[in-house]
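This is what each chain is made of:
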2 protein chains.
Amino acid sequence: MGTESAGTEQRQPVMADVAKLAGVSHQTVSRVLNGAPHVRPDTRDRVLAAIRELDYRPNSAARALVTRRSQTLGVVSFDSTLYGPASMLDGIEQAARSAGYFVSVTSLRSLDGRSVQEAVDRLRDQGVEGVVVIAPQTSTVSAVARLSSSVPVVAVGSGNQTQVPMVSVGNRFGAGEATGHLLDLGHRTVHHVAGPANWLESQDREEGWRLTLQAAGAPVPEVQRGDWSARSGYQAGLRIIELRDVTAVFCANDHMALGLLRALHEAGRAVPDEISVVGFDDIPEAAYFTPPLTTVRQDFGELGRRALEMLVGELESSAPSPGHVQITPELVLRRSVGPAMRR
Amino acid sequence: MGTESAGTEQRQPVMADVAKLAGVSHQTVSRVLNGAPHVRPDTRDRVLAAIRELDYRPNSAARALVTRRSQTLGVVSFDSTLYGPASMLDGIEQAARSAGYFVSVTSLRSLDGRSVQEAVDRLRDQGVEGVVVIAPQTSTVSAVARLSSSVPVVAVGSGNQTQVPMVSVGNRFGAGEATGHLLDLGHRTVHHVAGPANWLESQDREEGWRLTLQAAGAPVPEVQRGDWSARSGYQAGLRIIELRDVTAVFCANDHMALGLLRALHEAGRAVPDEISVVGFDDIPEAAYFTPPLTTVRQDFGELGRRALEMLVGELESSAPSPGHVQITPELVLRRSVGPAMRR
DNA sequence: TTGCGGCGAGTGAGCGCTCACGGCTTCGCC
DNA sequence: GGCGAAGCCGTGAGCGCTCACTCGCCGCAA
């Protein structure tokens, strides 16, 4: 113990240092730090002063070791470059912070179940207390469902998985609203540019579209499939241009709608005079497309926040699963839709 | 110590359990886990088998406590909903994982220096070994510079701060390229829709634009200032329409360019025939604007990756600071620009 | 006076790991 | 055949904290 001779050490101060300075025991310091009762005000003040003087920071690893709580939540996401996931992450982080948690992120490279298990394991090895998975593909969601994990997991996505707690958007409803709106305007039917087949959002939006057409007795055209990107929307547009009698198109997201608008524009097809276009998401740019895009708004940030609340609820009440929370999207009308042509 | 009687415990297995099962000491288990030399192959195999059988996971908190290394890096970002920050975060996460680190994120609510200090402190309290700050505003960068922190910090941004290690994009260069290209096409001068005044990218792009005009002896018009959003680009567009003799506009990002295009379109001003427009960033959608946008491409993912490499380098070699890394952007030509009108 | 409950502290153990050591075995070499 | 070196493995301490105790003191009722 010859370290005393070295004077003011470089070493970070620990609880014992604070205790010595304040003239109390380390336990009292701990009590002050954790807001425990039965500490006299002046004692507390002395401790706090000592903490400030030494610029003492509790060591989170030591605390985590003994309490078995890391105050950390994990997020696994698929492509956090997309607007949706990025916004959800943002919402999650906000909610986590206000609930007193840190958030640790990791992203998936591939979509197989192993990759999901790997990511969750990685997070778990780090000691996270719970995980929210933003990976709305059939493969990943079913992987989450059969995840062998000791930590609570909530998914954000879609679909009707009931095995895993989840928060999602009413995609079927939103798609139905969009499709119904177009039908109401007199369009004989509505074409659809869908997202990737293995995404749940994609499936649900397609289903909402299809069901609405069927309920209205409208013909159900073949689906054009994209990958969410503007590029794929453009390519779908090229195919749609070839088709006869297309007067209305519902795109599964705004980016693809942008690509579609581009293709239509190049082909000299006026929107909305000849063809009406509706998107999904309401990204901030949608109002500035040419023409401004009618779309279905969903609040990604809220989605993330709700997912986190759900996780924290599960964590702190140790209740098994509050089931499934849904957020209702809303149709936003802009200039990209109009009544069906009379010809 | 009556726990033995309970048989197979619910309790997570610890190193001692593995050691007992493998018939070795806990230290040998530790050696196997950490790849230490001097362990006989068959001993190693026995240990590995025991680990698998018990599904043993090392406790990261315990390890962090003694090694004083958390294997965690922090990221503080400002608005991770924007395409740029989101992509950087993605790049950072990838690079961190392949370097063997976890990533913990937190975002800033406000822009004052206190907020930055707070965020970094928060991360530090969690035990991160280093921090990368994605918050490219004058206020935050100078806050980073005078950060009182014991952990290494690297910033990703712009500007010529030398006090803090940084990786940035050649914004001045990119803006110069864009402006120069327009001048080369015969435009008398180039107008500018700038980003927020307190963002470094904004300042640098504006400076690159201004310098290029001055070098060419072209008049320097008043700057229209936006906030990166398409909405603000639209509003800038409304103002620009009022001006006489505008034939070329350089926007500080693609989103504002989109808004500008919208405003021009509504006013019946043809792009590029009457007015040429150039953006900055090359977001994936830029190629599908109406018309497709000429812009300056920067690789955000690479930016993030480089920032993380820099941080890890600093961490592992304990060298003070490799200074400043710059990434060169590239002009991408599309249909939104054309030669100056002859009239 | 004695007893007793609760407030305000302190003491010691132990969380699960790594690090510094120390001891035993096996080999190479003169 | 003996001796040093290296390979292989075990022992104990301790990282910085919290949790379960214990202890002294004061006030109040018996």
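Chains are numbered independently. Their residues run from 1 in the order of the written sequence. Lettering of chains starts at A and numbering of ligands starts at 1, both following the order in which they are written. A pLDDT threshold of at least 70 governs which residues receive local features in this predicted model, and a stricter bar of 80 or more applies before side-chain atom pairs are shown or counted, although totals over entire chains, interfaces and linings include all residues. The basis for every side-chain value is the complete set of heavy atoms in the structure, and neither hydrogens nor water enter the calculation.

What follows covers the pairing of strand β3 (residues 130–134) of chain B. Residues and elements named next belong to chain B. Only protein chains enter the calculation, and the probe is 1.4 Å; a residue is then buried if its accessible area is under 20% of its type maximum, exposed if over 50%, and partly exposed in between. Under the scheme used here, helices are H or I runs from DSSP no shorter than 4 residues and strands are E runs no shorter than 2 residues, and both carry numbers assigned from the N terminus. The element β3 is extensively covered by neighbouring structure, given that five of its five residues are classed as buried. Alternating positions in β3 separate into two faces, Gly-130, Val-132 and Ile-134 on one and Val-131 and Val-133 on the other, with burial throughout. When DSSP finds at least two bridges between two strands, those strands are taken to pair. Inspection of the sheet shows strand β1 (residues 72–77) paired to β3 by five bridges, in the parallel sense. What sits directly across from Val-75, in β3, is Val-132. Looking at chain direction, β3 and strand β4 (residues 153–157) are connected through four bridges and run parallel. From the neighbouring strand, Ile-134 faces β4, where its bridge partner is Val-156. For the segment spanning β3, helix α7 (residues 138–145) and β4, crossover handedness is right-handed. We call a crossover right-handed when, viewed with both strands directed away from the observer, the connection leading from the first strand over the helix to the second proceeds clockwise.

We now examine the protein's contact with DNA strand D. Every one of the 28 residues lining DNA strand D counts as a neighbour, but Met15(A), Tyr56(A), Thr28(B), Thr43(B) and Arg68(B) are closest to it. Neighbouring residues are identified by heavy atoms, a residue being near a molecule or strand if any of them is within 4 Å of it. Per the 4 Å cut-off to the protein, sugar and phosphate atoms form 62% of the nearby atoms of DNA strand D. N or O atoms within 3.5 Å of each other form a polar contact, as long as, within protein, one can give a hydrogen and the other can take it, and as long as residues adjacent in sequence are counted only when both atoms are side-chain atoms. In this structure, Ser30(A) approaches DNA strand D through a side-chain N or O atom, which is 2.8 Å from a phosphate oxygen. A distance of 2.4 Å separates a phosphate oxygen of DNA strand D from a polar atom in the side chain of Thr43(B). Residue assignment for the surface near DNA strand D shows that the elements contributing at least two residues are α2 (26–33) and α4 (60–67) of chain A together with α2 (26–33) and α4 (60–67) of chain B.

Between two packed helices, the angle of one axis relative to the other and the distance separating the axes together describe the packing. All names here are of chain B. Think of each axis as a best-fit line through the C-alpha atoms, taken over the contacting stretch in the case of a helix, with angles from 0 to 180 degrees between the N-to-C directions. Close contact between helix α8 (residues 171–184) and helix α9 (residues 200–215) brings their axes to 7 Å; oriented N to C, the two are set at 40°. Relative to α9, the element α8 is oriented oblique. The chirality of how α8 crosses α9 is right-handed. Residues Asn-171, Arg-172, Ala-175, Gly-176, Thr-179, Gly-180 and Leu-183 of α8 form the contact with α9, whose own contacting residues are Glu-201, Asp-204, Arg-205, Glu-207, Gly-208, Trp-209, Thr-212 and Leu-213. Working rule for angles: under 35 degrees goes down as roughly parallel, over 145 as roughly antiparallel, 65 to 115 as roughly perpendicular, anything else as oblique. Here is the rule for handedness: rotate from the far helix to the near one, and if that takes an anticlockwise turn smaller than a right angle the crossing is left-handed, while a clockwise turn gives right-handed. By definition in these notes, contact holds between two residues if any of their heavy atoms fall within 4.5 Å.

Salt bridge criterion: a side-chain nitrogen from Lys or Arg within 4 Å of a carboxyl oxygen from Asp or Glu. Applying the stated rule across the entire model yields 38 salt bridges over all chains. In this structure, Asp55(A) and Arg57(A) form a salt bridge, with 3.8 Å as the shortest nitrogen-oxygen distance. According to the relative accessible area criterion, Asp55(A) is partly exposed, its value standing at 41%. Taking the shortest distance from any N to any O, the salt bridge between Arg188(B) and Asp245(B) comes out at 3.8 Å. Of this pair, Arg188(B) sits in the loop between α8 and β6 (191–194) while Asp245(B) sits in the loop between α10 (230–242) and β8 (248–251), placing them 57 residues apart in sequence.

Residues and elements named next belong to chain A. Structurally, Asp-281 can be placed in the loop between β9 (276–278) and β10 (295–297). Linking Asp-281 and Thr-295, residues 14 residues apart in sequence, is a C-alpha distance of 6.6 Å. Apart from residues no more than four positions distant in its own chain, Asp-281 is found in contact with Arg-205, Asn-253, Asp-254, Thr-295, Val-296, Arg-297, Gln-298 and Phe-300. Within the local environment of Asp-281, its side chain forms a polar contact with the side chain of Gln-298, the two groups lying 2.8 Å apart.

The domains assigned to chain A are domain 1 (2–58), domain 2 (70–166 + 300–327) and domain 3 (171–298). If you average the C-alpha positions of domain 1 of chain A and of domain 3 of chain A, the two centres end up 63 Å apart. Domain start and stop positions are those given by an automatic or database domain assignment.

Moving on to the packing of aromatic side chains. Working definition: a ring pair exists when centres of Phe, Tyr or Trp rings (six-membered ring for Trp) sit within 6.5 Å. Plane angles under 30 degrees give stacked, over 60 give edge-to-face, the rest tilted. All chains considered together, the criterion is met by 10 aromatic pairs over all chains. When the centroid spacing of 5.6 Å and the interplanar angle of 80° are considered together, the rings of Trp199(A) and Trp228(A) count as edge-to-face. Remark: Trp228(A) occurs in the loop between β7 (224–225) and α10 (230–242) and Trp199(A) occurs in the loop between β6 (191–194) and α9 (200–215); sequence separation between them is 29 residues. One exposure class covers both Trp199(A) and Trp228(A), and it is buried. Ring geometry for Tyr234(A) against Tyr288(B): centres 5.5 Å apart, planes inclined by 55°, an arrangement best described as tilted. One end of the pair, Tyr234(A), is in helix α10; the other, Tyr288(B), is in the loop between β9 (276–278) and β10 (295–297), on a second chain.

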